[in-house]
Amino acid sequence: MSSDEDFSLVLADPQPLENTLEGIKASITRYKKKHEQLIQEQQELAASRDDRRDMTEKCKKRSIKLTQDLKEDQRSYKEQIENEKAKLNLMEQEESELLKEIQKVEEALKEEEAKKDHLKQQSDVFTAVPEREVVFAGSTESEDAAEPFEMKPRVVYPMEGGTVLITFEEEVVAKKILAMKKHQVDLGGECSITVEARPVQLMLPTLVEIDSEVSAQHVLVSNLPEMDTETLLNKLEIHFSKSKHGGGEVESCEMLPDSGTVVIAFVDKHIARGLTDTEHHDVKLHQKTHRVRVTPFLNGKITNLKTKMSACPRTVLLTGVPDLMERETLQDLLEIHFQKSGNGGGEIEAFLYNPLGQHTSALFEGVSSDQKEE
């Protein structure tokens with residue numbers, strides 16, 4: 001560009017200087033705006049601060065409440081756990097008691113089953129007892145349902161030497177003889193003896209309880225013919241010792257005299273049951289076959305026994321009898337003396353004399369209640 005060319009300069013509005021009035025006013029206006037802005041910001045900050053304080057307080061309260069709730073929940077949870085533990089312990093205890101009860105019931109059931117089997121076995125025995133004709137002479141009714149059966153005891157009374165047993169027909173005579181106590185007996189030839197009368201005390205059973213069970217080794221053989229006992233026992237032992245007859249090795253074979261039956265004991269415990277199940281057996285006796293009956297054998301054991309001492313109302317014991325003459329002669333003289341009413345005696349039912357140095361036993365048997373004396 002040459003110096004000849006024209007140009008023009010456009011100058012901007014000049015800024016007012018600070019040291020001028022317009023500059024000062026502009027500064028004041030500017031600072032007012034900044035002040036207002038600062039105040040507004042301060043108010044906003046104060047409001048924000050208050051909001052934060054409120055929020056902080058709320059958070060603090062909420063935190064405290066949450067902490068309390070947490071503690072309460074922990075306490076409640078702990079109580080719940082303790083309660084559940086207690087319930088669990090109670091249930092375990094109840095389970096243990098129930099198991100014990102179940103065990104007791106099972107044991108009781110086993111006992112009942114054993115009793116049932118035992119009773120069934122006993123029932124089988126009683127239905128298979130030897131057939132015998134019996135007559136029932138008792139009463140079928142009783143005022144006392146628990147009234148026991150009448151027992152008729154058999155008492156063996158050992159006599160000492162130099163004693164006499166006299167049973168009178170009337171009880172009053174025995175009482176008179178006992179009341180007199182000392183008796184002088186004339187033996188003839190200015191010879192006499194003095195004897196003392198004493199009551200006879202017997203120990204009698206008042207209650208007998210017997211527990212019976214079926215023997216596994218014994219059988220009872222009935223329906224036997226009349227023949228020599230030794231021969232019968234030998235033939236039965238030979239027959240039932242053979243396995244082809246269902247028998248086995250025989251341990252013993254004996255006759256029961258009261259019933260006319262035979263008891264056979266086997267060495268093996270399994271033989272008896274098979275024989276009783278068959279029941280009827282053909283045995284060669286008297287050169288011919290005879291059908292016998294084989295039934296179970298009961299073993300009895302006394303479980304309860306009660307006794308009492310009882311005086312015989314019609315029997316008297318005389319003691320102090322010396323051995324002066326023959327037994328029969330002295331016995332006749334004593335019996336004659338105590339038969340005479342003048343000597344306080346009466347009719348004699350039984351008389352037994354045991355001399356000095358001798359051993360004799362008297363047998364006392366029970367009788368029915370309508371009789372006077374056993």
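Right, let's walk through the structure included here. (Residues numbered from 1 in each chain as written. Predicted model: local features only at pLDDT ≥ 70, side-chain atom pairs only at ≥ 80, totals over all residues. Heavy atoms only, no water.)

## Here we look at the environment of glycine 320
Step number 1: Locating glycine 320 in the fold gives a position in the loop between strand E8 (288–319) and helix H5 (327–339).
Step number 2: Residues glycine 320 and leucine 356, spaced 36 residues apart in sequence, show a C-alpha to C-alpha distance of 9.5 Å.
Step number 3: Once you skip the residues sitting within four places of it in the chain, glycine 320 turns out to touch Gly162, Thr194 and Val195. (Helix = DSSP H or I, 4+ residues; strand = E, 2+ residues; numbered from the N terminus. Contact = heavy atoms within 4.5 Å.)

## Some words on the pattern of salt bridges
Step number 1: Scanning all chains against the criterion turns up eleven salt bridges.
Step number 2: Residues lysine 65 and aspartate 69 are paired through a salt bridge, measuring 3.1 Å at the closest nitrogen-oxygen approach. Of this pair, lysine 65 and aspartate 69 both sit in helix H1 (residues 21–126), four residues apart, roughly one helical turn.
Step number 3: Salt-bridge contacts for glutamate 349 lead to arginine 314; the nearest nitrogen and oxygen are separated by 3.1 Å. Note that glutamate 349 is positioned in strand E9 (residues 348–354) and arginine 314 in strand E8, a separation of 35 residues in sequence. (Salt bridge = Lys/Arg side-chain N within 4 Å of Asp/Glu carboxyl O.)

## Looking at a nonpolar patch on the surface
Step number 1: A surface patch of nonpolar side chains, about 360 Å² in accessible area, is lined by Val208, Ile210, Ile302 and Leu305.
Step number 2: Of all the secondary structure elements, the ones that give two or more residues to the nonpolar patch are strand E4 (191–222) and E8.
Step number 3: Assignment of secondary structure puts leucine 305 in strand E8.
Step number 4: Given a relative accessible area of 48%, leucine 305 falls into the partly exposed group. (Patch = residues over 30% accessible without salt bridge, like charges linked within 9 Å, V, L, I, M, F, W, Y side chains within 5 Å. Areas by Shrake-Rupley, 256 points an atom, 1.4 Å probe, with all protein chains shown as cover. Buried < 20%, exposed > 50% of the residue type's maximum accessible area, 1.4 Å probe, protein only.)

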